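Structure assessment
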Amino acid sequence: DTGVSQNPRHKITKRGQNVTFRCDPISEHNRLYWYRQTLGQGPEFLTYFQNEAQLEKSRLLSDRFSAERPKGSFSTLEIQRTEQGDSAMYLCASSPGRTAGYGYTFGSGTRLTVV
Amino acid sequence: KNEVEQSPQNLTAQEGEFITINCSYSVGISALHWLQQHPGGGIVSLFMLSSGKKKHGRLIATINIQEKHSSLHITASHPRDSAVYICAVSIGTYKYIFGTGTRLKVLA
């Protein structure tokens, strides 16, 4: 296993288009997290899955955002009708779900630019 | 006021210098992470702390739970240490709050 994989690495889209990102966590990790990071800021929590169940969504995750983890393995984050303010790095992380923070591993992120 | 504050925000050092980055937090935590983020965006976990001190190579991380403060030290700094260092605290079993990061540049 090569760690948490995110695709694509970069995405440029026109305002109003829909985009979808994918995250493949470490295979034995049952917890998966999405974060958003804007320039000069630390990552901000978006949502969290335990297996296929989405257990928490941040208020940052507007109605245009939806995340799924249908089989408890990979996850997708979709943004509909993108806006320029959606331009950010979208980070995925996973963990085994035992002790807090144990094995917490980030992916390399997907950088979204909305033009 | 952010729940996790880092200082300094930016740091430039000469190769070989001893570097300290500080993190203060205002919430109850179950763990604290020091992370390293390179220009490409990928984040690497350096340390996870819940008490005391950890050392890995030239990196040392300490935490004082009573004072709600942690430090990351880099000894004999090198240009390849140039990155953004982020402090993140776990406030439960899964959620992290991140500092805004310290941008370190080590000059040869």
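Here is a short report on the structure shown in this document. (Residues numbered from 1 in each chain as written. Chains lettered and ligands numbered in written order. Predicted model: local features only at pLDDT ≥ 70, side-chain atom pairs only at ≥ 80, totals over all residues. Heavy atoms only, no water.)

What about the overall build of chain A?
- Helix and strand content of chain A: zero helices and 11 strands.
- Ordered by position in the sequence, the α and β elements of chain A form the string β-β-β-β-β-β-β-β-β-β-β.
- The C-alpha radius of gyration of chain A comes to 13 Å, within 12% of the 13 Å expected for a compact globule of 115 residues.
- A principal-axis box enclosing the C-alpha atoms of chain A has dimensions of 40 × 25 × 25 Å.
- Counting contacts in chain A only where the partners sit at least 6 residues apart, residues at least 24 apart contribute 53% of the total.
- On chain A, roughly 5700 Å² of surface is accessible, and the fraction owed to carbon and sulfur atoms is 43%.
- Positive and negative charge centroids in chain A, built from 15 and 11 side chains respectively, lie 5 Å apart. (Helix = DSSP H or I, 4+ residues; strand = E, 2+ residues; numbered from the N terminus. Rg over C-alpha atoms; globule rule 2.2 N^0.38 Å. Contact = heavy atoms within 4.5 Å. Areas by Shrake-Rupley, 256 points an atom, 1.4 Å probe, with all protein chains shown as cover. Lys, Arg positive; Asp, Glu negative; His and termini not counted. Charge placed at Lys NZ, Arg CZ, Asp CG, Glu CD.)

Thoughts on the overall build of chain B
- Counting its secondary structure elements, chain B contains zero helices and 11 strands.
- Relative to the 2.2 N^0.38 estimate, which gives 13 Å for 108 residues, the radius of gyration of chain B is 13 Å and therefore close to what a compact globule would have.
- Seen through its C-alpha atoms, chain B measures out along the principal axes to roughly 40 × 25 × 25 Å.
- Within chain B, buried positions represent 45% of all 108 residues.
- Expressed as a percentage of contacts within chain B between residues at least 6 apart in sequence, the contacts between residues at least 24 apart total 53%.
- Across chain B, the 10 positively charged side chains and the 6 negatively charged ones have centroids separated by 6 Å. (Buried < 20%, exposed > 50% of the residue type's maximum accessible area, 1.4 Å probe, protein only.)

Some thoughts on the nonpolar core
Residue and element names in this part refer to chain B.
- Leu 32, Trp 34, Leu 72 and Tyr 85 are the most contacted members of the largest nonpolar core, which totals 24 residues.
- Of all the elements in the fold, those that place two or more residues in this core are strand S3 (19-25), strand S4 (31-37), strand S5 (43-49), strand S7 (59-64), strand S8 (69-74), strand S9 (83-90) and strand S11 (102-107).
- Not counting residues up to four positions away in its chain, the partners in contact with Tyr 85 are Gln 6, Ile 21, Leu 35, Gln 36, Leu 46, Leu 72, Ile 74, Gly 101, Thr 102 and Leu 104. (Core = buried A, V, L, I, M, F, W, Y, C linked by side-chain atoms within 4.5 Å.)

Structural notes on the sheet that holds S3(B)
Residue and element names in this part refer to chain B.
- The antiparallel open sheet is built from five strands, whose spatial order is S1-S3-S8-S7-S6. Across the chains shown, the open sheet's two edge strands, defined by having one partner strand only, are strand S1 (4-7) and strand S6 (52-56). For this sheet the average axis-to-axis angle between neighbouring strands, irrespective of direction, equals 15°.
- With six bridges connecting them, S7 and S8 associate as antiparallel partners. Paired with Ile 63 across the bridge in S8 is Ser 70. (Pairing = 2+ DSSP bridges. Axes fitted to C-alpha atoms, helices over the stretch in contact; angles between N-to-C directions.)

A closer look at the sheet that holds strand S8 (residues 75-79) of chain A
All names here are of chain A.
- Strand order across the open sheet formed by four strands is S1-S3-S8-S7, with antiparallel pairing between neighbours. Each end of this open sheet is capped by a strand with a single partner; those strands are strand S1 (5-7) and strand S7 (65-68). The average undirected angle you get between the axes of adjacent strands in this sheet is 15°.
- Alignment of S1 against strand S3 (residues 19-24), held across three bridges, turns out to be antiparallel.

Details of the interface of chain A and chain B
- Listed per partner, the contact involves 22 residues of chain A and 22 residues of chain B.
- Joining chain A to chain B, the criterion identifies zero salt bridges.
- Inspection of the chain A/chain B interface yields one residue pair in polar contact (both at pLDDT 80 or more).
- Among the elements that take part in the side of chain A that touches chain B, strand S4 (residues 31-37) of chain A stands out by supplying four residues, more than any other.
- Looking at side-chain class alone, the side of chain A that touches chain B contains 11 nonpolar, seven polar and four charged residues. (Salt bridge = Lys/Arg side-chain N within 4 Å of Asp/Glu carboxyl O. Polar contact = N/O pair within 3.5 Å; in protein donor to acceptor, adjacent residues only side chain to side chain. Nonpolar A, V, L, I, M, F, W, Y, C, P; charged D, E, K, R; others polar.)

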